[in-house]
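Tertiary structure, described
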Amino acid sequence: MSQTTNLVLGMMGNEGSQLSGLEIDEKIVEVTDGWTLHSGTVCASHNTNVNVFISDVFVGSGGNAAILERAAKNLMLYRHPCILKFISSWKKSGRIHLATEEAKPLASVISSLIPLQICIGLHSVLKALVFLHETALCSHNNVCCAAIYVSTDGTWKLGGLEHLCLFTDLTTSYLEGTRARRYEKAIPPEEDSLKSSNYTISHPTSIDQYGFGVFAEEMLCNKFDSDVPALEEFLGICKKHLQNLEPSLRPKLASLLDHVCFKHKFIKIHSFLVELPLKTEVEKNNFFRSLMDELTGFPENLVAMQLGALLLSRMVLLDATAQEILLPCVLGPKQNMENRGNVGLFSLTTYRDYVVPRLLQMFCVRDAQIRLLLLAHFSSFCHSFTEDQLRTLVLPELLVGIKDTNEQLVSVTLHALADLIPLLGASAVIGGKRAKLFTDGRPKACHNGPYNLRTPKSHSKVLPTPAPAPVVDTDGNSFAADLPERPSPDGGEDHMPTSHDETESWPDWDVPDNTVDTLVDFDAAGPSRIQDCSKVAAPSTMQELPDISQLDIRNSVSSLKGEDEFDFFQDMEPVILKTCTLQIDEQGAGSSDAIEKSGKHIFNVNYTSYDGEEGWGDDLEEWGDVNST
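1. Details of the overall build of the protein chain
- Check the secondary structure of the protein chain and you find 24 helices and 12 strands.
- Relative to its full complement of 629 residues, the protein chain shows a buried share of 39%.
- Excluding contacts between residues fewer than 6 apart, the proportion of contacts in the protein chain whose partners are at least 24 apart in sequence is 64%.
- Accessible surface for the protein chain amounts to roughly 38,000 Å². Of this, 53% is attributable to carbon and sulfur atoms.

Structure representation (structure tokens):
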């Protein structure tokens, strides 16, 4: 076995180095000559979806390692935002496993993409190839649709690095040995004329230049869009120049990055977000301040599909300018943001389709700054989740937050739990047994109305200062009596009167005579006297309320009863006599004899013998006399 093969196998690791908690779906997503593609889920602190490439057999030729082993090695060595991200690789049961970021084969989604999205993808592939040519000094050698994958954020990622090699290793014999497994249409015509001798290619970048020209032509075939400037011109470059029969006349791929086709405003925004870690603070500050106005000029579905995940990336979430200007519009749908003076970027339907799945993933991230930012805007988007999402995904993660040692995190988490109560109910949010521990102290007339949740006020602020109440006697004279104010009923201190309360007013309570001051005859007093009385009577209204015992019906006496008024219930007044108490002396028989001799004992009964007829005798005779008459 060659030294290269030993290096690759050593890199692969043993059976125990595979991802912990990985569950691989048996359903096959893609099949090639070298491997099968499966979906996988890493069940750790939070579920993460991955791609798992599995090779059933080892393919060796000329001392080279297996196809999948070479792909895993190159993905691990060459890292770029536009290259498929390597996660792990291992051997198990004689099979090679390669785990990468979650992505779909381009062939499965290309039919649903518009020309603008295709141009964005081609721009990403160009940047990956320029990185390989100018930084890594290597050639991909198989640029085609089968080598491109689309990540969850819509970015095209270059994969298929199993045929990649350094410029120094790119020989005619190497190309001849890998030709059978490469895309036939992407093979340049000069390979047909290559001799079997082993010599280095003079123009190593020409293979990828030709392959990209064929790939771009296939992607843009019959797809023209007036929104993308100079699209036909770019397609002409791919046909005539990149596929030129002379390798030396093919333009460098780096020169295509400056083409007018890739100067579209939307493509520039996408490129800036992808390369955000490389930008300066000044560039990021200027970019985020103008980004919202630029995004509103594009269809929201296109923005959500192509930029939604990038706008919620970690670099954007942690940027101070983005937190202030951009994120309030991204984290809340339109219908919920209108009341706050801001305009949301996405409608509720679009928000649920593209943003909510990303938010659910973010809630599983145990990063304090990310969680604090989400909870700061939680009331803006919590209604966008379904009840099942809130109950099974969001709520368990929020309950983890209240157990953290970060007091600020616990505080905002409790506020978020309060926002969930109207959506899920208190029983689902709090749990445990609950009981009715508070009662409603409002008057019965207000029980059907809404609860008043304002802070209760003191009695001195609730009770208004009453004016002297005019009283009319039987002669028709008007009087002003300085009556003490009736206290508000318990539980009604904070109740605001409504139209219903005004129609069903409380009956007046009687007050004792001693609380009524001197009555003033307004007819005889004149205007000046009335003003004086009002000034004197005003301080009396601030006196202390009468004792509650004076308000009892047994103690209250009508102070305004007329002298000539006839009392119809006078004879019905009950007379209650004081109960007589008798003390019995139990000191002996002598005292008993004395009681018997006493004729005034309360228990003695006068008995008189009667020898006449018993029963109704006399009365019956009288009734008989009446009948006879």
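2. Overview of helix H15 (residues 368-376)
- Of all the residues in H15, the buried ones are Ile370, Arg371, Leu372, Leu373, Leu374 and Leu375.
- In this structure, the buried side of H15 is in contact with helix H11 (314-317), helix H12 (320-330), helix H14 (348-363), helix H16 (378-381), helix H17 (387-401) and helix H18 (407-424).
- For H15, the N-terminal capping position is held by Asp367, with its side-chain oxygen 3.0 Å away from the main-chain nitrogen of Gln369.

3. Thoughts on the packing of aromatic side chains
- One pass over the full model with this rule turns up 13 aromatic pairs.
- Both rings, one in Trp35 and one in Phe53, keep their centres 5.8 Å apart while their planes meet at 85 degrees; by these two values the pair is edge-to-face. With Trp35 in the loop between strand S1 (22-31) and strand S2 (36-43) and Phe53 in strand S3 (residues 47-55), this pair connects stretches of sequence that are 18 residues apart.
- Measuring from centroid to centroid gives 5.0 Å for Phe234 and Phe262, while their planes differ by 75 degrees, and the two rings are edge-to-face. Linking Phe234 in helix H6 (residues 231-240) with Phe262 in the loop between helix H7 (253-256) and helix H8 (265-274), this pair joins segments that are 28 residues apart in sequence. Judged on exposure class, the residue Phe234 and its partner Phe262 are both buried.
- Here a set of aromatic residues connected by ring pairs shows up, and it is made of Phe363, Phe378, Phe381 and Phe385.

4. Overview of the confidence of the model for the protein chain
- Per-chain confidence: the protein chain averages 76 in pLDDT, with 64% of residues scoring 70 or above.
- Contacts from residues 492-505, a stretch scored under 50 in pLDDT, to residues over four places away or in other chains number 20 contacts.

5. Overview of the sheet that holds strand S9 (residues 156-158)
- Spatial strand order, S6-S8-S9: three strands in an open sheet with antiparallel pairing. At either margin of the open sheet sits one strand with a lone partner, and together these are strand S6 (103-105) and S9. Neighbour-to-neighbour, the strand axes of this sheet turn through a mean angle of 40 degrees, independent of strand direction.
- Judged from the three bridges that link them, S6 and strand S8 (residues 148-151) form a sheet pairing that is antiparallel. Pairing of Ala103 across the sheet is with Ser151, part of S8.
- Lying over the sheet, helix H3 (residues 115-134) contacts S8 and S9, oriented at roughly 25 degrees with respect to S9.

6. Concerning H14
- Here H14 contains 16 residues, and its C-alpha end-to-end distance of 20 Å is more than 12% below the 22 Å for a straight helix at 1.5 Å per residue.
- Considering bend angle alone, the principal kink of H14 is centred on Val355 and spans about 45 degrees; proline Pro357 follows within four residues of it.
- When H14 is considered as a whole, its buried residues turn out to be Leu348, Thr350, Tyr351, Val355, Val356, Leu359, Leu360, Met362 and Phe363.

7. Re the packing of H14 against H15
- The interhelical angle for the contact between H14 and H15, taken along N-to-C directions, is 135 degrees, at an axis separation of 10 Å. By the angle class used here, H14 and H15 are oblique. Along this stretch, H14 crosses H15, giving a crossing that reads as left-handed. Residues Leu359, Met362 and Phe363 of H14 touch H15, and the partners they reach there are Ile370, Arg371, Leu374 and Leu375.
- Classifying every residue of the contact of H14 with H15 by side-chain character gives six nonpolar, no polar and one charged.

8. With respect to unusual backbone geometry
- For Leu137, which is not glycine, the phi dihedral falls at a positive 55 degrees.
- One can find Leu137 in the loop between H3 and strand S7 (138-139).
- Judged by relative accessible area, which is 49%, Leu137 ranks as partly exposed.
- Although it is not a glycine, Asn141 sits at a positive phi angle of roughly 75 degrees.
- Residue placement: Asn141 occurs in the loop between S7 and S8.
- Given a relative accessible area of 4%, Asn141 falls into the buried group.

9. With respect to the sheet that holds S3
- Taking strand neighbours across the sheet as the criterion, the five strands line up as S1-S2-S3-S5-S4 in an open arrangement whose pairing is antiparallel. Edge positions in the open sheet fall to S1 and strand S4 (86-92), since each of these has one partner strand only. Each neighbouring strand pair of the sheet contributes to a mean axis angle of 25 degrees, computed without reference to strand direction.

10. A short note on the pattern of salt bridges
- Evaluated as defined, the whole model comprises 15 salt bridges.
- Glu191 is the partner of Arg182 in a salt bridge, and the nearest nitrogen-oxygen pair spans 2.9 Å. Judged on exposure class, the residue Arg182 and its partner Glu191 are both buried.
- Salt-bridge contacts for Asp367 lead to Arg314; the nearest nitrogen and oxygen are separated by 3.0 Å. Of this pair, Asp367 sits in the loop between H14 and H15 while Arg314 sits in helix H11; the two residues are 53 residues apart in sequence, bridging distant segments of the chain.

11. A look at the environment of Leu113
- Within the secondary structure, Leu113 sits in the loop between S6 and H3.
- Sequence-wise, Leu113 and Met219 are 106 residues apart; in three dimensions their C-alpha atoms are separated by 10.0 Å.
- Ignoring sequence-local partners within four residues, the contact set of Leu113 consists of Leu106, Ile118, Trp156 and Lys223.

12. Notes on the nonpolar core
- One finds Leu106, Leu122, Trp156, Phe212, Phe215, Leu359 and Phe378 to be the most contacted residues of the largest nonpolar core, which totals 114 residues.
- Take this core: its biggest share by element is 12 residues, from H3.
- Setting aside anything within four residues of it in sequence, one finds Leu106 in contact with Leu113, Cys145, Ile148, Tyr149, Val150, Trp156, Phe215 and Met219.

13. Quick notes on the pairing of S4
- Here six bridges tie S4 to strand S5 (residues 95-101), and the two strands are oriented antiparallel to one another. Directly across from Ser89, in S5, lies its bridge partner Leu98.
- Hairpin connection from S4 to S5: two residues lie between these consecutive antiparallel strands, with Ser93 at a positive phi of about 55 degrees.

14. Looking at the packing of H3 against H8
- At a minimum axis distance of 10 Å, the contact between H3 and H8 shows a crossing angle of 40 degrees. With respect to each other, H3 and H8 are oriented oblique. For H3 against H8, the interelement crossing comes out right-handed. Contacts between H3 and H8 involve Leu116, Cys119, Ile120, His123, Ser124 and Lys127 on the former and, on the latter, Phe266, Ile267, His270, Ser271 and Val274.
- Looking at side-chain class alone, the contact of H3 with H8 contains six nonpolar, four polar and one charged residues.

Conventions used here
Residues numbered from 1 in each chain as written. Predicted model: local features only at pLDDT ≥ 70, side-chain atom pairs only at ≥ 80, totals over all residues. Heavy atoms only, no water. Helix = DSSP H or I, 4+ residues; strand = E, 2+ residues; numbered from the N terminus. Buried < 20%, exposed > 50% of the residue type's maximum accessible area, 1.4 Å probe, protein only. Contact = heavy atoms within 4.5 Å. Areas by Shrake-Rupley, 256 points an atom, 1.4 Å probe, with all protein chains shown as cover. Polar contact = N/O pair within 3.5 Å; in protein donor to acceptor, adjacent residues only side chain to side chain. Phe/Tyr/Trp six-rings, centres within 6.5 Å; stacked < 30°, edge-to-face > 60°. pLDDT = per-residue confidence, 0-100. Pairing = 2+ DSSP bridges. Axes fitted to C-alpha atoms, helices over the stretch in contact; angles between N-to-C directions. Expected span 1.5 Å × (residues − 1). Bend = angle between axes of the 7 residues up to and from the residue. Parallel < 35°, antiparallel > 145°, perpendicular 65-115°, else oblique. Left-handed = near helix turned anticlockwise from the far one by under 90°. Nonpolar A, V, L, I, M, F, W, Y, C, P; charged D, E, K, R; others polar. Salt bridge = Lys/Arg side-chain N within 4 Å of Asp/Glu carboxyl O. Core = buried A, V, L, I, M, F, W, Y, C linked by side-chain atoms within 4.5 Å.

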